Amino acid sequence: MQVFRLVSLWFNLSSFEHVVEAMLETVEKVQTYKFLPLVYQIASRLGSSKESQGATGFQAALTLLLEKMATDHPYHSLYQLFALANGDRIKEKQRGKNVFVVDMEKKRAAEELLDKLMAKQPELLLQV
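Residues numbered from 1 in each chain as written. Predicted model: local features only at pLDDT ≥ 70, side-chain atom pairs only at ≥ 80, totals over all residues. Heavy atoms only, no water.

Let's shift gears to the overall build of the protein chain. Assigned secondary structure in the protein chain consists of 7 helices and 0 strands. Tracing the protein chain from N to C terminus, the helices and strands come up as α-α-α-α-α-α-α. Counted over contacts in the protein chain with a minimum sequence separation of 6, partners at least 24 positions apart contribute 68%. As displayed, the protein chain has an accessible area near 8100 Å², and 54% of this comes from carbon and sulfur atoms. (Helix = DSSP H or I, 4+ residues; strand = E, 2+ residues; numbered from the N terminus. Contact = heavy atoms within 4.5 Å. Areas by Shrake-Rupley, 256 points an atom, 1.4 Å probe, with all protein chains shown as cover.)

In structure tokens, the structure reads:
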């Protein structure tokens, strides 16, 4: 239950650099299975322009956590990344296609993370 509070605080205080640095340390120390119940919420923050960028920014910590989760637990976490990366693939005859809005930043961030995972461990993505 503590991981829910931790992630909630992290998301709410993501503009504070010391909070993000503390989360980077936590990602290195805490086993990734503890974050699996929150994989949907964590992945949904990927590529958001509101969060700080940079080597120690919110997105760096988020990407590191998602990368570790995908490596350790691919069957539980890669589906969210695939969904974000393929978010613009809508069938031509799909009803309401013209009102569907795709967040291209999330799509690009998910694609970049999947490319990074594919370069490091191609067999990981091919088996899912």
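Still more ground to cover, so stick around.
Below, the discussion takes up the layout of surface pockets. Here the largest pocket defines a volume of roughly 200 Å³. Lining of the largest pocket is provided by 11 residues; of these, Gly47, Gln59, Thr63, Ala109 and Glu112 occupy positions nearest its centre. For the lining of the largest pocket, the element with the most residues is helix α6 (residues 104–120), which contributes 6 residues. Taken together, the residues that form the lining of the largest pocket break down as 3 nonpolar, 4 polar and 4 charged. (1 Å grid on protein atoms, 1.4 Å probe; cavity = no way out; pocket = protein on both sides within 12 Å on 5 of 7 lines; lining within 4 Å. Points joined across faces, edges and corners; volume = space filled by probe spheres on them. Nonpolar A, V, L, I, M, F, W, Y, C, P; charged D, E, K, R; others polar.)

Another aspect to go through is the nonpolar core. Within the largest apolar cluster, 32 residues are counted, with the highest numbers of intra-cluster contacts made by Trp10, Phe35, Ile42, Leu62, Leu66 and Leu81. Sorting the residues of this core by element identifies α1 (2–12), α2 (17–29), α3 (39–44), α4 (58–72), α5 (74–85) and α6 as the ones contributing at least two each. With near-sequence residues (within four places) excluded, Leu66 lies in contact with Ile42, Ala43, Leu46, Leu81 and Leu113. (Core = buried A, V, L, I, M, F, W, Y, C linked by side-chain atoms within 4.5 Å. Buried < 20%, exposed > 50% of the residue type's maximum accessible area, 1.4 Å probe, protein only.)

Geometrically, a packed helix pair is captured by the angle between its two axes and the distance between the axes. Where α5 contacts α6, the axes come no closer than 7 Å and their chain directions differ by 130°. With respect to their mutual orientation, α5 and α6 come out oblique. Crossing hand, α5 versus α6: left-handed. Residues Leu78, Leu81, Phe82, Leu84 and Ala85 of α5 form the contact with α6, whose own contacting residues are Lys106, Lys107, Ala110, Glu111, Leu113, Leu114 and Leu117. Looking at the contact of α5 with α6 residue by residue, the classes come out as 9 nonpolar, no polar and 3 charged. (Axes fitted to C-alpha atoms, helices over the stretch in contact; angles between N-to-C directions. Parallel < 35°, antiparallel > 145°, perpendicular 65-115°, else oblique. Left-handed = near helix turned anticlockwise from the far one by under 90°.)

Okay, α1 next. Taken together, the buried positions of α1 are occupied by Val3, Val7, Trp10 and Phe11. Down the axis of α1, the smallest arc covering the buried residues is 95°, so these residues share one side. Residues of α1 that are exposed and point more than 90 degrees away from the buried face comprise Gln2, Arg5 and Asn12. For α1, the elements touching its buried residues are α2, α3 and α4. (Arc of directions from axis to C-beta.)

For the rest of this paragraph, the subject is the pattern of salt bridges. In the structure shown here, the tally under the stated rule is 3 salt bridges. Its salt-bridge partner being Glu111, residue Lys107 comes within 2.2 Å of it at the nearest N-O pair. With Lys107 and Glu111 both in helix α6 and 4 residues apart, this pair spans about one turn of that helix. With a relative accessible area of 7%, Lys107 lands in the buried category. (Salt bridge = Lys/Arg side-chain N within 4 Å of Asp/Glu carboxyl O.)

On the surface, Leu9, Leu13 and Phe16 cluster together into a nonpolar patch covering about 240 Å² of accessible area. Locating Leu9 in the fold gives a position in helix α1. (Patch = residues over 30% accessible without salt bridge, like charges linked within 9 Å, V, L, I, M, F, W, Y side chains within 5 Å.)

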